[in-house]
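So you can see what is in the structure, the chains are spelled out below.
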Amino acid sequence: MIVLLGVAVVILGFALKQNPLLVVAVAGIVTGLLGGLSPQQVIAAFGDGFASSRSVTIFVITLPVIGLLERYGLQQQARNLIGKLAGLTTGRFLTLYLFIRQITAALGLTNIGGPAQSVRPLVAPMAEGAAERRYGPLPERVREKIRSYSSSADTVGLFFGEDIFIAIGSILLITGFVNTTYGTHLEPLSLAIWAIPTAICAFVIHGYRMVSLDRWLARELDAAVAKRETVK
């Protein structure tokens, strides 16, 4: 039971708002030492874990590319593009992105989007641009609201879309656990089919929230626009 003190390290570290990577690393070291491993064995365990899941760090390769694109005007070009589409409001654009994200995730294309790859450099600036086209300069509070909705569209689309793809890790984990524990023969296709109604409900509910963002923006910013015009 003493090895469970590693969990206490995690809880304490997060409660003190320390760096998550550092907290997890320290917790792993503490757990290994309390479990009877030597320092060399603990370091070897870290190395084996990294080597077996090194594909997780592939995103590091994309970050410099995205940074260079942003430096040379990617976000500004995204704003300019959305500014030319007069009928596309912020809510409608985010609903469209939610739909695309769900469809691509359902086809197994889970890595073409994400907070770093698409939300920050493309989706959020385009959503802000749609609002700026109608209301002009946006307060920082409104920008943060739009950015949070942009991120939620990506997260909800991925979370509820990926389970429709039969070869995704979560589906294989569930079927493997159920078949091993209960001696049944659950097919991944069965789970994927039952994930479709959930994905549809998620799209309808969150899509409504995206569209409702337009009404919130109107309430918040119409008065500000009228005030600016009166001053002019």
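No experiment lies behind these values; they were computed from the predicted model shown.

> Explain the pattern of salt bridges residue by residue, including any values.
Throughout the structure, instances matching the rule amount to seven salt bridges. Ionic pairing is found between Glu 132 and Arg 143, a salt bridge with its closest N-O pair at 2.5 Å. Of this pair, Glu 132 sits in helix 7 (residues 115-135) while Arg 143 sits in helix 8 (residues 140-161), and the two are 11 residues apart along the sequence. A relative accessible area of 23% places Glu 132 in the partly exposed class. What makes Arg 143 buried here is its relative accessible area of 15%. Each of Glu 128, Glu 132, Glu 140, Arg 143, Glu 144 and Arg 147 takes part in salt bridges that share partners, so that together they form one network.

> So what about the environment of Val 119? Which residues, and what values?
If you trace the backbone, Val 119 turns up in helix 7. Through-space distance from the C-alpha of Val 119 to that of Tyr 97 is 10.0 Å; in sequence the pair is 22 residues apart. Ignoring any residue separated from it by four or fewer positions in sequence, one finds Val 119 in contact with Tyr 97, Gly 114, Ala 124, Pro 125, Ser 150, Ser 151 and Asp 154.

> Give me the lowdown on unusual backbone geometry, citing residues and values where you can.
One non-glycine residue, Lys 17, lies in positive phi territory at about 60 degrees. If you trace the backbone, Lys 17 turns up in the loop between helix 1 (5-15) and helix 2 (20-34).

The rules behind the values
Residues numbered from 1 in each chain as written. Predicted model: local features only at pLDDT ≥ 70, side-chain atom pairs only at ≥ 80, totals over all residues. Heavy atoms only, no water. Salt bridge = Lys/Arg side-chain N within 4 Å of Asp/Glu carboxyl O. Helix = DSSP H or I, 4+ residues; strand = E, 2+ residues; numbered from the N terminus. Buried < 20%, exposed > 50% of the residue type's maximum accessible area, 1.4 Å probe, protein only. Contact = heavy atoms within 4.5 Å.

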